[in-house]
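Overview (structure and organization)
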Amino acid sequence: MVAALVALRAAAPSRADTGPPRARVRIELTRGPGTERCPDGRFLRAAIARRMGFDPFDAEAPLLMEASIEGDRGELIASIYLRDRRGVVLWTDGHRTRGDCKTLVSTAALLIAVQLDDMGELPPPQPAPAPQNERATQAEAPCSPEHPCAGRPAPPPNEAPRSPPPPSKAPPARERPPLRAPPPGSAGQAAAERFHWTVGAGAAMALGLTPGVAVGPTLSVAGRWPAWSVALEARGLSSLSTNVDDVRVATSAFTANAALCLHRHALFACGVGELGVLRAVPEAPRLARTVLTLRAGLGARAGVRWPISEGLSGYGTAEPVWRTVDASLLRRRGIAGTDRAAWSAPALGVAFGIGLQLNL
């Protein structure tokens with residue numbers, strides 16, 4: 001029995017392991033300015049081959065898988081496009097990160113491998129029918145008793161000539177399903193910038209807002225677009241100077257700012273509007289009051305932002321502000337005397353800030 005089973009197994013035809021169809025593409029990687037230290041195309045091909053189990057690269061393939069690495073405001077962006085011979089985009093995807101470039105290229109390799117696996121699962125296109133010879137052939141006369149065909153007997157006189165059978169129609173070629181395009185809002189649009197919210201906290205130092213130098217905390221919330229942002233800020237400042245015209249006085253200010261900023265890489269510039277109040281508490285009644293507690297001003301801001309991690313960054317700012325409405329501190333001269341100004345705010349003030357900003 002064992003000998004019979006061995007003989008049957010040897011006589012059975014062996015089946016070739018054809019395996020699933022494999023997609024073949026040309027692969028190119030482009031590194032933009034500032035990303036020259038990122039892994040090159042050989043690293044990308046090796047990562048794709050490791051995930052797929054074979055190297056899908058083929059220099060003669062009709063499809064081109066094009067990947068690019070760019071830097072933008074402390075972030076790294078990978079954009080991926082699949083093009084045909086005419087350059088038409090058949091599929092696109094992408095990824096962005098604040099981490100290292102090697103991780104970004106590995107993620108791009110994973111996205112490409114998944115897409116090539118999906119392409120390999122599509123049924124291969126059926127071969128198109130061979131083009132028929134369109135040369136006009138001269139019609140041959142049917143066989144008859146008067147004109148017999150060579151090698152064939154002539155039909156009887158009373159039998160009509162048979163018409164040739166109609167040509168058989170080739171089955172229509174099966175069309176290959178089109179490549180699937182990514183839906184709107186998917187990871188394929190990750191290379192494009194999106195709107196997001198940011199919150200910030202920091203410290204500020206101001207000159208001209210109160211007598212002497214004033215310092216205090218700053219809180220902000222902003223809506224950020226690709227190239228510009230709108231921010232609302234609250235700032236509380238306390239003067240480090242306690243003497244005004246030989247009288248001890250505690251001076252503090254609270255301001256609310258609105259800023260419209262334009263961003264370019266790590267730098268930004270803003271237009272600022274300021275509205276606030278000034279509060280003075282003297283130790284002696286000789287310093288009676290403030291003429292006007294309301295403050296308002298318009299100014300400009302210049303700043304720089306540097307990334308710390310993927311969602312956290314630091315910033316530094318400097319801004320001059322022109323006071324349109326300001327306050328003064330008056331000192332009494334007695335019942336019969338006229339109050340005189342003990343301190344008046346200058347028309348131009350300057351503020352400096354530093355802090356952290358979190359992307360939501």
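Residues numbered from 1 in each chain as written. Predicted model: local features only at pLDDT ≥ 70, side-chain atom pairs only at ≥ 80, totals over all residues. Heavy atoms only, no water.

A word on the overall build of the protein chain. The helix and strand tally for the protein chain stands at 3 helices and 16 strands. Across the 360 residues of the protein chain, 34% fall into the buried class. Of the contacts made within the protein chain by residues no fewer than 6 positions apart, 62% connect residues no fewer than 24 positions apart. Here the protein chain displays about 22,600 Å² of accessible surface, and carbon together with sulfur accounts for 60% of that area. (Helix = DSSP H or I, 4+ residues; strand = E, 2+ residues; numbered from the N terminus. Buried < 20%, exposed > 50% of the residue type's maximum accessible area, 1.4 Å probe, protein only. Contact = heavy atoms within 4.5 Å. Areas by Shrake-Rupley, 256 points an atom, 1.4 Å probe, with all protein chains shown as cover.)

Turning our eyes to something else, we now look at the nonpolar core. Residues Val25, Leu44, Ile48, Met65 and Leu116 are the most contacted members of the largest nonpolar core, which totals 27 residues. Elements supplying a minimum of two residues to this core: helix H2 (41-52), strand S2 (64-72), strand S3 (75-83) and helix H3 (101-121). When residues of this core are assigned to their parent elements, the largest contribution, 9 residues, is made by H3. Not counting chain neighbours up to four residues away, the residues in contact with Ile48 comprise Ile27, Phe54, Pro56, Ala109, Ile112 and Leu116. Grouped together as the second largest cluster of nonpolar side chains are 15 residues, Ala214, Val249, Ala253 and Ala327 included. (Core = buried A, V, L, I, M, F, W, Y, C linked by side-chain atoms within 4.5 Å.)

A few words now on empty space enclosed by the protein. A water-sized probe, rolled over the atoms, reveals where empty space remains. Under the definition given, this model contains 3 cavities of 30 Å³ or more. Space inside the largest cavity adds up to approximately 330 Å³. What lines the largest cavity is a set of 23 residues, and nearest its centre among them are Glu233, Phe268, Arg301, Tyr315 and Gln357. Among the secondary structure elements, those contributing two or more residues to the lining of the largest cavity are strand S5 (196-207), strand S6 (213-224), strand S7 (228-239), strand S9 (247-264), strand S12 (294-307), strand S13 (312-325) and strand S16 (348-359). (1 Å grid on protein atoms, 1.4 Å probe; cavity = no way out; pocket = protein on both sides within 12 Å on 5 of 7 lines; lining within 4 Å. Points joined across faces, edges and corners; volume = space filled by probe spheres on them.)

Let's shift gears to the pattern of salt bridges. Going through the model one piece at a time under the given rule, you end up with 11 salt bridges. As a salt-bridge pair, Asp40 and Arg42 come within 3.2 Å of each other at their nearest N and O atoms. Using a relative accessible area of 24% as the deciding quantity, one classes Asp40 as partly exposed. The class for Arg42 is exposed, based on a relative accessible area of 67%. Each of the salt bridges in this network shares a partner with another, and the network as a whole consists of Glu233, Arg235, Arg301 and Glu319. (Salt bridge = Lys/Arg side-chain N within 4 Å of Asp/Glu carboxyl O.)

This brings us to the state of the cysteines. Taken as a whole and assessed by the stated rule, the structure comprises 2 disulfides. Shown here is the disulfide that connects Cys38 with Cys101, its sulfur atoms set 1.8 Å apart. On the S-S bond that ties Cys38 to Cys101, the torsion sits near 110°, and the link is right-handed. With Cys38 in the loop between strand S1 (26-31) and H2 and Cys101 in helix H3, this residue pair connects regions lying 63 residues apart in the sequence. Note that Cys261 is cross-linked by a disulfide to Cys270, the S-S spacing being 2.0 Å. Between Cys261 and Cys270, the disulfide has an S-S torsion of 105° and is therefore right-handed. Assigned by exposure class, Cys261 and Cys270 land together as buried. (Disulfide = S-S within 2.5 Å.)

Sheet analysis places S9 next to strand S10 (residues 267-282), joined by 16 bridges and oriented antiparallel. Bridging across to S10, Ala258 finds its partner in Gly273. In this antiparallel pair of consecutive strands, S9 and S10, the connection spans 2 residues, and His265 shows a positive phi of 55°. In terms of strand pairing, S10 meets S12 through 11 bridges, oriented antiparallel. Considered in S12, the bridge of Gly276 is made with Arg295. (Pairing = 2+ DSSP bridges.)

All right, on to the sheet that holds S3 then. Pairing within the open sheet is mixed, and its 4 strands lie in the order S1-S2-S3-S4. Strand pairing shows two members of the sheet lacking a second neighbour, S1 and strand S4 (89-97), which therefore form its edges. Strand-to-strand twist across the sheet, computed as the mean angle between neighbouring axes with direction ignored, equals 15°. Pairing analysis gives 6 bridges linking S1 to S2, with the strands arranged parallel. Across the sheet, residue Arg26 finds its bridge partner in S2, namely Leu64. Strands in contact with H2 are S1 and S2; relative to S1, the strand with the most contacts, it is inclined by about 135°. (Axes fitted to C-alpha atoms, helices over the stretch in contact; angles between N-to-C directions.)

A word on the confidence of the model for the protein chain. Residues with a pLDDT of 70 or more make up 69% of the protein chain, whose mean pLDDT is 77. Element-level pLDDT for the protein chain is lowest in helix H1 (residues 2-11), with a mean of 45, against a maximum mean of 95 in S6. Low pLDDT, under 50, characterises residues 181-193; the predicted model gives this stretch 22 contacts beyond four residues in sequence or across chains. (pLDDT = per-residue confidence, 0-100.)

Right, let's get into the side chain of Arg98. Inspection of the secondary structure assignment puts Arg98 in the loop between S4 and H3. Under the relative-accessibility criterion, Arg98 is labelled buried at 15%. When neighbours within four sequence positions are excluded, Arg98 is seen to be in contact with Arg73, Gly74, Glu75, Arg305, Pro307, Ser309, Glu310, Gly311 and Asn359.

Within the secondary structure layout, Arg323 lies in strand S13. Residue Arg323 is classed as buried on the basis of its relative accessible area, which comes to 10%. A distance of 2.4 Å separates the side chain of Arg323 from the side chain of Glu274, its partner in a polar contact. What Arg323 contacts, discounting residues up to four positions off in sequence, is Leu207, Gly208, Leu209, Glu274, Arg295, Ala296, Gly297, Pro346, Ala347 and Gly349. (Polar contact = N/O pair within 3.5 Å; in protein donor to acceptor, adjacent residues only side chain to side chain.)

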